[in-house]
Amino acid sequence: MAKDKTSFEQRLERLKSVVDSLERGDLPLEKALALYKEGLGLSGELGRQLETARNEVRLVQDGLLKEFAALNETAEGEPEA
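Keep in mind the model is a prediction, meaning the values are calculated, not measured.

Caption draft 1: Representation of the overall build of the protein chain. Scanning the protein chain for helices and strands turns up 2 helices and 0 strands. In the protein chain, which comprises 81 residues, the share counted as buried stands at 11%. For the protein chain, the accessible area works out to roughly 7,000 Å², and carbon and sulfur atoms hold 58% of it.

So, in structure tokens, the structure goes:
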């Protein structure tokens, strides 16, 4: 399966467009149902992307906090000059 190159921002804009179209309420039922399904798919993809980004931030923060704590412990253990 090919990796989708659509960016988060592009997906979000498409979702906004889908929601706007559905909120107008002037679509035939079949078109509205197709857009609704597309919107659900986009929402799921965006949610997964956000969760992945959130996890990456946590990993970076954890690593930086551990590095900072180790540096702080090293500095506290050194005799003052």
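Caption draft 2: Spotlight on the pattern of salt bridges. Under the counting rule described, the total for this entry stands at 5 salt bridges. Glutamate 51 is paired through a salt bridge with arginine 54; the nearest N and O atoms lie 2.5 Å apart. Of the two residues, glutamate 51 and arginine 54 both sit in helix α2 (residues 29–77), 3 residues apart, roughly one turn of that helix. What makes arginine 54 partly exposed here is its relative accessible area of 41%.

Caption draft 3: Layout of the nonpolar core. Residues Leu15, Val18, Leu35, Leu42 and Leu46 constitute the largest nonpolar core, which totals 5 residues. Those elements that place two or more of their residues in this core are α1 (8–24) and α2. With 3 residues, α2 is the single largest residue contributor to this core.

Caption draft 4: Region of the structure containing the side chain of serine 21. For serine 21, the position within the fold is in helix α1. Sequence-distant contacts of serine 21, defined by excluding residues within four places in its chain, comprise Asp26, Leu27 and Leu35.

Caption draft 5: Examining α1 more closely. Compared with an ideal rise of 1.5 Å per residue, which puts 17 residues at 24 Å, α1 spans 25 Å between its outermost C-alpha atoms and is within 8% of the ideal. Along α1, the residues classified as buried are Arg11, Leu15, Val18 and Ser21. When α1 is viewed along its axis, its buried side chains cluster within an angular range of 125° and face the same direction. Along α1, exposed side chains directed more than 90 degrees from the buried face belong to Glu9, Glu23 and Arg24. Looking one or two places after α1, you find glycine 25, whose phi comes out positive at around 75°.

Cut-offs applied
Residues numbered from 1 in each chain as written. Predicted model: local features only at pLDDT ≥ 70, side-chain atom pairs only at ≥ 80, totals over all residues. Heavy atoms only, no water. Helix = DSSP H or I, 4+ residues; strand = E, 2+ residues; numbered from the N terminus. Buried < 20%, exposed > 50% of the residue type's maximum accessible area, 1.4 Å probe, protein only. Areas by Shrake-Rupley, 256 points an atom, 1.4 Å probe, with all protein chains shown as cover. Salt bridge = Lys/Arg side-chain N within 4 Å of Asp/Glu carboxyl O. Core = buried A, V, L, I, M, F, W, Y, C linked by side-chain atoms within 4.5 Å. Contact = heavy atoms within 4.5 Å. Expected span 1.5 Å × (residues − 1). Arc of directions from axis to C-beta.

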